[in-house]
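The primary structure of each chain is shown beneath.
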Amino acid sequence: GGDEEPWTKNINACSLRWGDDAHARELMLTYNDGKPVDVVLCSDLLYGHDAATSGALLETIRTLLGDNPNGVCLMSYQFRDNLLGELDFFERVSDTFESEAVSLPRHDGSDDGDDDLWLFTLTQKKPPAYVTVSSTRLCAFDQWAPRCDVSILLAPFKIVPLPPWYIRSLRAGGTIVAPEGHTSFASPHDIDDYAAAVDDNDKHYDENDDEEEKDDNNDDDVEREQLKHAVESAMRELDDSACAPKLRWSAPKDATFMSCDGTLRCTSFDEVDLLMRSSDSIAYDVNTPFEGCADVTNADHMDDEGWTLALRSWRAVNPMLEFRCFVRKGKLIAASQRDPSTHFDTLHEMLSRDNGSALVEALDTFWERKLKPNLPKSLVHCAFDAYTTPKGDAGYAVRVMDVNVFGPPTLPLMFDWSELHADELPWSSNTEIRWVREATHIRPGLKSALPIDLITSASDGDGDSDDAGERAKRLLEAMAS
């Protein structure tokens, strides 16, 4: 009408389906020229939702803000004694955004000290300068391992180039599972059934692909047999013809439940393929390998060329002897027990004799004299996983298992990236070493690194305690600080 304010002409109201990435991008194309938005306003949207619904909300916020470095989400949240049910949302927020929270006054203007209304300001995380596309590429197994003498590696390996069609098929998704009634490959018949299922999956992928990619995959069966022959030929050159597979950065450790013995040990291409297609870690590698890098582009994410499969000779390792070592500016600054959820009595007894100084010396010597000279000179920041074998009075024998970037997505384990990236290290020694010293040590959660004991205590076990809500509110305040 005639009394309409001019600014209202730029307002549009429409539905937004949470978790529907295509729908959100369609709206961005319609109303914002396809660009990420500057501001997302969320008012009282969290109330009794299950994890899937709140996760869909977070996914939509991510999509709307996209790669806008100045994008911000303002979210009001009222505490209604249901924080524990919504804790997963706040944990996942911290994976993507920097979060600041302030307590808001009550609607009636009164201040009775009951901080139950919060305003969260979510901004894009600033990738640390340590993590770039270049440094990430240098940490790919096929970039650093061939430069090293086999004597410093945990196991010899073979590298098999992967054709673009195979990477595209991994990106297409869809886990291939063993035949019904089977949990592993118990017989050659099972493997044949699995191979047939993969062939069906590849055909389905081709039928729904565009014409150009159809032309590239006309000889799907032939190409698959060629890849299978290359992989199994490489396996036969390894010890016992058995391997632990690894893509450029990740091994499918999260998919070992699909194997017959619960490990990464593979003796055929079909076993390797099953693990690859069943792994979230591999899906991360092929879809967003450079997520978090300061200089990443969409082309980097979707590159189909140059992928390789590493087949490492199978070794049964003792997790007690694995340590993750952190290198900054070319110097070893920290080492952490690689499995921070387990207390090893023998390890604790061994390291407590000298507070880990002998192991630190062995790790530092290994880095300076053996591993560092073999890595690219530009890789001055990294994390490497070491396997340490005690040699009595002679110290430790150290071999390298893997090399990772010096920042997310590499897990800092018993450290925090804020302390590892700090201008001044918060410890007095040249190299800090940490291990689980007590069986009751607080174990970090796998996804959020929030102590499991803290989350458990917030609900008082059964969640029926009168003061459970107060503890949950204190947990919220701790998360916001």
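Look up: the structure comes first, before these words.
The model shown is predicted, which means the values in this text are computed figures rather than measured ones.

Colleague: Please clarify how the overall build of the protein chain should be interpreted in this entry.
Modeller: Looking only at helices and strands, one finds 17 helices and 12 strands in the protein chain. For the protein chain, with 481 residues in total, the buried portion stands at 44%. Intrachain contacts of the protein chain at a sequence separation of at least 6 include 71% that bridge at least 24 residues. Accessible surface, the protein chain: about 24,900 Å² in total, of which carbon and sulfur atoms supply 49%.

Colleague: Quick question: what am I supposed to make of the pattern of salt bridges here?
Modeller: Any two side chains of opposite charge can pair, on the condition that their charged atoms come close. Evaluation of the coordinates by the stated rule reveals 20 salt bridges. Between Asp 21 and Arg 25 there is a salt bridge; the shortest N-O distance is 2.9 Å. Residue Asp 21 and its partner Arg 25 are located together in helix H1 (residues 21-32), separated by four residues, close to a single helical turn. Residue classification places Asp 21 among the partly exposed positions, given a relative accessible area of 33%. Taken together, the salt bridges that share partners define one network made up of Arg 224, Lys 228, Asp 270, Asp 273 and Arg 277.

Colleague: Help me understand the layout of surface pockets, please; the structure alone is not making it clear to me.
Modeller: If you add up the space inside the second largest pocket, you get close to 740 Å³. Around the second largest pocket, the lining is made up of 21 residues, and of these Asn 12, Cys 14, Leu 16, Val 37 and Leu 64 lie nearest the centre. For the lining of the second largest pocket, the secondary-structure elements that each account for two or more residues are H1, strand S1 (39-43) and helix H2 (51-65). Across the lining of the second largest pocket, the residue classes break down as 17 nonpolar, four polar and no charged.

Colleague: Would you take a moment to explain the sheet that holds strand S12 (residues 432-434) for this structure?
Modeller: The pairing of strands in a sheet comes from backbone hydrogen bonds and takes either a parallel or an antiparallel form. The sheet built from five strands is open, its strands ordered S11-S10-S8-S9-S12 with mixed pairing. Edge positions in the open sheet fall to strand S11 (396-404) and S12, since each of these has one partner strand only. Across the sheet, the axes of successive neighbouring strands diverge by a mean angle of 25°, strand direction being ignored. Pairing of strand S8 (residues 322-328) with strand S10 (residues 382-390), which is carried by six bridges, proceeds in the antiparallel orientation. If you follow Arg 324 over to S10, its bridge partner there is Asp 385. Against the sheet, helix H14 (residues 357-371) touches S8, strand S9 (331-337), S10, S11 and S12, its axis set at about 60° to S11.

Colleague: Looking at this model, I keep getting lost on unusual backbone geometry. Mind explaining?
Modeller: Residues other than glycine predominantly adopt negative phi, and peptide bonds predominantly adopt the trans conformation. Backbone torsion omega between Pro 408 and Pro 409 reads 10°, so that peptide bond is classified as cis. Considering the arrangement of structural elements, one finds Pro 409 in the loop between S11 and helix H15 (417-420). Its identity as a non-glycine residue notwithstanding, Asp 33 has a phi of 55°, on the positive side. Within the secondary structure, Asp 33 is located in the loop between H1 and S1. A relative accessible area of 65% means that Asp 33 is categorised as exposed. For Ser 241, which is not glycine, the phi dihedral falls at a positive 55°. Examined against the element boundaries, Ser 241 turns out to sit in the loop between helix H9 (220-235) and strand S6 (243-246). Relative accessible area serves as the criterion here: at 29%, Ser 241 is assigned to the partly exposed category.

Rules of the game
- Residues numbered from 1 in each chain as written.
- Predicted model: local features only at pLDDT ≥ 70, side-chain atom pairs only at ≥ 80, totals over all residues.
- Heavy atoms only, no water.
- Helix = DSSP H or I, 4+ residues; strand = E, 2+ residues; numbered from the N terminus.
- Buried < 20%, exposed > 50% of the residue type's maximum accessible area, 1.4 Å probe, protein only.
- Contact = heavy atoms within 4.5 Å.
- Areas by Shrake-Rupley, 256 points an atom, 1.4 Å probe, with all protein chains shown as cover.
- Salt bridge = Lys/Arg side-chain N within 4 Å of Asp/Glu carboxyl O.
- 1 Å grid on protein atoms, 1.4 Å probe; cavity = no way out; pocket = protein on both sides within 12 Å on 5 of 7 lines; lining within 4 Å.
- Points joined across faces, edges and corners; volume = space filled by probe spheres on them.
- Nonpolar A, V, L, I, M, F, W, Y, C, P; charged D, E, K, R; others polar.
- Pairing = 2+ DSSP bridges.
- Axes fitted to C-alpha atoms, helices over the stretch in contact; angles between N-to-C directions.

Worth remembering: the numbers are spatial, not functional.
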